[in-house]
Amino acid sequence: PVTIEAVGLYIHIPFCLRKCHYCDFVSFSGRRNLWGSYLQVLLEEIQALPPLRPRTLYVGGGTPTIWPTESLTAIIQAAREIGLAQEAEATVEANPGTVKAETLSELRRAGYNRLSLGVQSTFNANLHLLGRVHNYSDARRAILWAREAGFTNVNIDLIYGLPGQSLLDWQRDLGRA
């Protein structure tokens, strides 16, 4: 069998609570009726891959954390079956408004060891402008919960260049982050 070196596996979950105003990724709000069939096809596609031995797994979207943790666990298990090592970086994206302490603990136990939080801004007015479903307090709480769950590798996304945002505003955002 052919082994491809240094491959990363990206899994796209195209579902959100609400589509943000700036988003141009393939994603749909609602559509809960499609979650099960999408997961089934996704798992079949992963199982149909050749033995890739992916070095990393990145589950992004959309908002993967609106799915039940059992579904996200099934994805990492399927990746393990095609060669994702136990120590490999396994990332899941999250919106701070869609996680709870228990959810993050379950994801960590499942094997995800990196969390990518879509904070976008530390200012509630900017979050409202962007159409986000969380506020700054939710983001701070999500980061604390991630640490308590055992995530030592956490990144946050921030957006620069918002309408009316000055350099000073951006520096304040970075400072608060």
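The structure under discussion appears in the preceding block.
S.K.: Quick question: what am I supposed to make of the nonpolar core here?
M.R.: What tends to happen in soluble globular proteins is that the nonpolar side chains get buried as a cluster. If you look at the biggest cluster of nonpolar residues, it comprises 39 residues, and the most contacted ones within it are I11, L57, V59, W67, I75 and Y112. The set of elements that each furnish at least two residues to this core consists of β1 (8-13), α1 (35-48), β4 (56-61), α2 (69-81), β5 (89-94), α3 (101-110), β6 (114-120) and α5 (136-149). Those residues in contact with W67, other than ones at most four positions away along the chain, are I13, F15, W35, Y38, L39, L72 and I75.

S.K.: Teacher, can you tell me more about the packing of α1 against α2 here?
M.R.: Each packed pair of helices is defined by two parameters, the angle between the axes and the distance between the axes. Interhelical geometry of α1 versus α2 gives an angle of 10° and a closest axis separation of 9 Å. Considered as vectors, α1 and α2 are oriented roughly parallel to each other. Each of L39, L42, L43, I46 and Q47 in α1 lies in contact with α2, whose residues at this interface are S71, A74, I75, A78, A79 and E81. Its residues assigned to classes, the contact of α1 with α2 shows eight nonpolar, two polar and one charged.

S.K.: Would you mind going over the side chain of T122 with me for this structure?
M.R.: As for its placement among the helices and strands, T122 is situated in the loop between β6 and α4 (124-130). Judged by its relative accessible area of 2%, T122 is buried. Among the polar contacts listed, one links the side chain of T122 to the side chain of D173, at a separation of 2.5 Å.

S.K.: Just to check I follow, could you spell out α3 for this structure?
M.R.: Because an α-helix completes one turn every 3.6 residues, residues spaced three or four positions apart along the sequence face the same direction. Buried residues of α3: T103, L104, L107 and A110, and no others. Down the axis of α3, the buried side of the element spans an arc of 120°, and every buried residue falls inside it. Along α3, the residues that are exposed and aim more than 90 degrees away from the buried face are E102 and R109. In this structure, the buried residues of α3 make contact with α2, β5, β6 and α5. Remark: G111 follows α3 within two positions and exhibits a positive phi of approximately 125°.

S.K.: I would appreciate a short explanation of the sheet that holds β4 in the present structure.
M.R.: Consider a sheet: its strands pair through backbone hydrogen bonds, and that pairing is either parallel or antiparallel. Taken in spatial order, the five strands make up an open sheet running β1-β4-β5-β6-β7, and their pairing is parallel. Sheet topology places β1 and β7 (153-158) at the edges, where each strand pairs with a single neighbour. Recorded for the sheet is a direction-independent mean angle of 20° between the axes of neighbouring strands. Alignment of β4 against β5, held across four bridges, turns out to be parallel. From the neighbouring strand, L57 faces β5, where its bridge partner is A90. Of the strands in this sheet, β1, β4 and β5 are in contact with α2, which crosses β4 at around 150°.

S.K.: Is there a simple way to think about the layout of surface pockets in this case?
M.R.: Empty space left among the atoms is revealed by rolling a probe the size of a water molecule over them. In this structure, the largest pocket spans a volume of roughly 440 Å³. Lining the largest pocket are 25 residues, with Y22, G61, G62, Q120 and R132 positioned closest to its centre. Listing elements by their share of the lining of the largest pocket, those giving two or more residues are β5 and β6. At three residues, the largest contribution of residues to the lining of the largest pocket is made by β6. Across the lining of the largest pocket, the residue classes tally to 10 nonpolar, nine polar and six charged.

How each quantity is defined
Residues numbered from 1 in each chain as written. Predicted model: local features only at pLDDT ≥ 70, side-chain atom pairs only at ≥ 80, totals over all residues. Heavy atoms only, no water. Core = buried A, V, L, I, M, F, W, Y, C linked by side-chain atoms within 4.5 Å. Buried < 20%, exposed > 50% of the residue type's maximum accessible area, 1.4 Å probe, protein only. Helix = DSSP H or I, 4+ residues; strand = E, 2+ residues; numbered from the N terminus. Contact = heavy atoms within 4.5 Å. Axes fitted to C-alpha atoms, helices over the stretch in contact; angles between N-to-C directions. Parallel < 35°, antiparallel > 145°, perpendicular 65-115°, else oblique. Nonpolar A, V, L, I, M, F, W, Y, C, P; charged D, E, K, R; others polar. Polar contact = N/O pair within 3.5 Å; in protein donor to acceptor, adjacent residues only side chain to side chain. Arc of directions from axis to C-beta. Pairing = 2+ DSSP bridges. 1 Å grid on protein atoms, 1.4 Å probe; cavity = no way out; pocket = protein on both sides within 12 Å on 5 of 7 lines; lining within 4 Å. Points joined across faces, edges and corners; volume = space filled by probe spheres on them.

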